Amino acid sequence: MSITPERVENRLYELSKEIDDAHDGLVLAEKNYHTAKAKFEINIARARLHIGTNNMKLRVGDVADKALVECAGEWEELQTAEALVKAARANATRVRTQVDIARSIGTSVRASLEV
């Protein structure tokens, strides 16, 4: 199967669609991440304030640990959202790399046809 300028152009067109999809996925992942982060930070603050009203002598680390345990679900959501953002960024980078490779191949094909 030979590489032609038309095939390279078709691949670049497909990759441009992938870039749009990757960008949309990244925007959604970022939104979900920031929503989860805000929810976690608000709930962890509430938990710390609640723990602090118990007249118990606790170290700062103990209060933080207890608050984290109370907000474990939100913490897990936040970590999952962060992982999805990282994956979406990696996917966008992968597609950009493929575009660069396709452009290089296209340039080489055109140059070889001119010779």
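Preceding block: the structure.
Residues numbered from 1 in each chain as written. Predicted model: local features only at pLDDT ≥ 70, side-chain atom pairs only at ≥ 80, totals over all residues. Heavy atoms only, no water.

What to know about the overall build of the chain
When helices and strands are counted, the chain shows three helices and zero strands. For the chain, the C-alpha radius of gyration of 24 Å lies well beyond 13 Å, the compact-globule estimate for 115 residues. Based on the C-alpha atoms only, the size of the chain along its principal axes is roughly 85 × 20 × 20 Å. Split into buried and exposed, the 115 residues of the chain put 24% on the buried side. Of the contacts formed within the chain by residues at least 6 apart in sequence, a portion of 77% connects residues at least 24 apart. Of the roughly 8,400 Å² that the chain leaves accessible, carbon and sulfur atoms contribute 57%. With 17 positive and 18 negative side-chain charges, the chain shows a spacing of 5 Å between the two charge centroids. (Helix = DSSP H or I, 4+ residues; strand = E, 2+ residues; numbered from the N terminus. Rg over C-alpha atoms; globule rule 2.2 N^0.38 Å. Buried < 20%, exposed > 50% of the residue type's maximum accessible area, 1.4 Å probe, protein only. Contact = heavy atoms within 4.5 Å. Areas by Shrake-Rupley, 256 points an atom, 1.4 Å probe, with all protein chains shown as cover. Lys, Arg positive; Asp, Glu negative; His and termini not counted. Charge placed at Lys NZ, Arg CZ, Asp CG, Glu CD.)

Re the pattern of salt bridges
Going through the model one piece at a time under the given rule, you end up with eight salt bridges. The shortest N-O distance in the salt bridge between Glu 14 and Arg 11 comes to 3.2 Å. You can see Glu 14 and its partner Arg 11 sitting in helix H1 (residues 5-52), three residues apart, about one turn around the helix. With a relative accessible area of 31%, Arg 11 lands in the partly exposed category. Of the charged contacts in the structure, one is a salt bridge between Lys 86 and Glu 82, with a shortest N-O distance of 3.6 Å. Of this pair, Lys 86 and Glu 82 both sit in helix H3 (residues 72-114), four residues apart, which is roughly one turn of the helix. The class of Glu 82 is partly exposed, set by a relative accessible area of 25%. Within the structure, one salt-bridge network assembled from shared partners comprises Arg 11, Glu 14, Glu 18 and Arg 94. (Salt bridge = Lys/Arg side-chain N within 4 Å of Asp/Glu carboxyl O.)

Topic: the environment of Thr 80
Among the secondary structure elements, Thr 80 is positioned in helix H3. Looking at Thr 80, the relative accessible area reads 47%, which means it is partly exposed. Measuring from C-alpha to C-alpha, the distance between Thr 80 and Leu 12 comes to 32 Å, with 68 residues separating the pair along the chain.

Considerations on the packing of aromatic side chains
The full count for this structure, using the stated rule, is one aromatic pair. When the ring of Phe 40 is compared with that of Trp 75, the centres are 5.1 Å apart and the planes differ by 50°; the resulting orientation is tilted. Linking Phe 40 in helix H1 with Trp 75 in helix H3, this pair joins segments that are 35 residues apart in sequence. (Phe/Tyr/Trp six-rings, centres within 6.5 Å; stacked < 30°, edge-to-face > 60°.)

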